[in-house]
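# Architecture at a glance
Spelled out from the first residue to the last, the chains are:
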Amino acid sequence: MKTLSRIAAGAMIVAALATSSAAEEYPSQPIEVVTHASAGGGTDTTARTMLIRARKELGVDAFVQIKKGGGGAVAMSYASGKPSDGHTLMAITPTHLITMARGRAPIGIDDIKGIARSTDDPIIVVVNKDTGIESLEQLIEASKSSPIKWGGTQAGGIDHIAAMTFANKSGAKVAYVPFDGGGAMITNLMGKNIQAAGLNYGEAVDGIESGDFVPLAIMAQERLGVLPDTPTMAELGIDGVNFSTVRGVIVMADTPEDRATMLEEKLIKGMEHGTYQAYLEGIGLDAGSVAGSEVWDAQIREMYDNIYATLEELGLRK
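Worth saying up front: this structure is predicted, and the values here are computed from it rather than measured. Residue numbers run consecutively from 1 along every chain, following the written order of its sequence. Reporting in this predicted model follows two pLDDT cut-offs: at least 70 for local features of residues, and 80 or more for side-chain atom pairs to be given and counted; totals over whole chains, interfaces and linings ignore these cut-offs and use all residues. Working from all heavy atoms in the structure, the side-chain values ignore hydrogens and water.

Moving on to the sheet that holds strand 6 (residues 148–152). Note: two strands are recorded as paired if DSSP finds a minimum of 2 bridges between them. Comment: elements are numbered from the N terminus, with helices defined as DSSP H or I runs of at least four residues and strands as E runs of at least two. Strand order in the open sheet made by the five strands is 7-6-8-5-9, with mixed pairing throughout. Each edge of the sheet is formed by a strand with only one pairing partner; in this case those strands are strand 7 (174–178) and strand 9 (213–218). Taken over all neighbouring pairs, the strand axes of this sheet differ in orientation by 30° on average, direction set aside. Between two residues, a contact is recorded if the distance between any of their heavy atoms is within 4.5 Å. Between the N-to-C directions of two axes lies an angle of 0 to 180 degrees, each axis being a line fitted to C-alpha atoms and, for a helix, fitted only over the stretch in contact. Strands strand 5 (124–128), strand 6 and strand 9 of the sheet are contacted by helix 5 (residues 136–143), whose axis makes an angle of about 115° with strand 6. The sheet strands contacting helix 6 (residues 158–170) are strand 6, strand 7 and strand 8 (196–199), and the helix crosses strand 7 at an angle near 175°.

Printed below as a string of structure tokens:
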């Protein structure tokens, strides 16, 4: 009887150890990346391209889960309702931060943790060459006699917030002119209906290369490799004006640290592969777009703080 009891006890210990090991194994199921945008759009395409190599690195399947609506609020509600076990990530853009800052999201900035940045396309301040303005200092000075007509997309969006954050921190007088999209904005800048705009490099490159647009400053911490002679806002003495068409993935803040670290390492390794790098090159970006948790999380929070303050100033918070 004693022998049988010992055998039974041993079997129970082995079973317990096996169960414990299975519980600690990660990832143990497919990784879900929640997005807020339509299939085929920039956020969706970036997430799907990122996952091509990430699946191999993670050793499990990974897929995109689209949850549209509410400026990312539906996606945030869905992702925050899932277990914080590292099997659910969310792809975010400045849209999510704006929704949070306006008090229209089910979660707040302290509920999330940045894991990896996948694209970073800084806003470039450009003017029509016929303004005669050749530097940001000249733009600010010119605005004192008459507000600069500054084009962007919809009121309350990232273009608007970036322009008004610049105005608040530099003392420039800006009259913001919203357009339905980037194409209309560029057409009006070319046609001299507006004097300045905040454009991504892909939007500005043709005008810059033709000499019709003059790039004055980059809203980023570092200069762009493709525009080595264009200074950053910080270099010109205007701190905290860093805005990009930026995408990356986050997890909920209570996700176990070891799992968050593993996700970061695997995703970064996947994005360093030639497949993802070719995608970046194809959309006019480079390897500098990819960044880890420390850089990405800090960028998220800086952008959120600027968005919050500017929305408050504009009276667009709830």
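Next comes the rest of the write-up.
Its place among the elements puts M90 in strand 3 (residues 88–92). Put simply, M90 and R102 are 12 residues apart on the chain and 19 Å apart in space, counted from C-alpha to C-alpha. Apart from residues lying up to four places away in sequence, M90 is in contact with V34, A75, M76, A79, H96, I107, G248, V249 and I250.

For the rest of this paragraph, the subject is the sheet that holds strand 4 (residues 112–122). The strand order across the open sheet built from five strands is 2-1-3-10-4, with neighbouring strands paired in mixed fashion. Each edge of the open sheet carries a strand with a single partner, namely strand 2 (62–66) and strand 4. Looking at each pair of strands side by side, their axes are set apart by 25° on average, direction ignored. Strand direction decides the pairing type here: strand 1 (residues 31–35) and strand 3, joined by three bridges, are parallel. The residue bridging V34 from the neighbouring strand is M90, located in strand 3. Packing against the sheet, helix 9 (residues 257–271) makes contact with strand 1, strand 3, strand 4 and strand 10 (244–252), and its axis sits at approximately 20° to strand 4.

The linkage connecting Y26 with the following residue, P27, adopts the cis geometry, with an omega of -5°. Although it is not a glycine, K192 sits at a positive phi angle of roughly 70°. Following the sequence through the fold, K192 ends up in the loop between helix 7 (182–190) and strand 8.

It is worth spelling out the packing of helix 2 (residues 42–58) against helix 9 at this point. Running from N to C, helix 2 and helix 9 cross one another at 125°; their axes reach a closest spacing of 8 Å. Between helix 2 and helix 9, the angle is such that the two are oblique. The handedness of the crossing between helix 2 and helix 9 is right-handed. Of the residues in helix 9, those in contact with M50, R53, A54, E57 and L58 of helix 2 are L263, K266, L267, K269, G270 and M271. In this classification, the charged set is Asp, Glu, Lys and Arg, the nonpolar set is Ala, Val, Leu, Ile, Met, Phe, Trp, Tyr, Cys and Pro, and all remaining amino acids, among them Gly, are polar. For the contact of helix 2 with helix 9, the per-class residue count stands at six nonpolar, one polar and four charged. Note that the term roughly parallel is reserved for angles under 35 degrees, roughly antiparallel for angles over 145, roughly perpendicular for angles of 65 to 115, and oblique for everything else. Crossings are assigned a handedness: left-handed for a near helix turned anticlockwise from the far helix by less than a right angle, right-handed for a clockwise turn.

A few words on helix 11 (residues 293–314). To estimate how far a helix should reach, multiply one less than its number of residues by 1.5 Å. Helix length check: helix 11, at 22 residues, gives a terminal C-alpha distance of 31 Å against a target of 32 Å (1.5 Å per residue), a fit within 8%. For the exposure calls, accessible area comes from a 1.4 Å probe over protein chains only, and a residue counts as buried if that area is under 20% of its type's maximum, exposed if over 50%, partly exposed in between. By the burial criterion, the buried members of helix 11 are S293, W296, D297, Q299, I300, M303, Y304, N306, I307, T310 and L311. Considering only its buried residues, helix 11 is in contact with strand 3, helix 4 (94–101), strand 4, helix 6, strand 10 and helix 9. One or two steps after helix 11, the chain reaches G315, where phi turns positive at roughly 75°.

All right, on to the nonpolar core then. What we call a nonpolar core is a set of buried Ala, Val, Leu, Ile, Met, Phe, Trp, Tyr and Cys residues that are connected through their side-chain atoms within 4.5 Å. Membership of the largest hydrophobic core comes to 49 residues, with the highest contact counts inside it found for L136, L139, W150, F166, M219 and F243. With seven residues, helix 6 is the largest single contributor of residues to this core. Among all residues touching F243, those that are not within four sequence positions of it are P122, I123, I158, I161, A162, T165, M219, M303, N306 and I307. In this structure, L51, A62, V249 and L263 belong to the second largest nonpolar core, which totals 27 residues.

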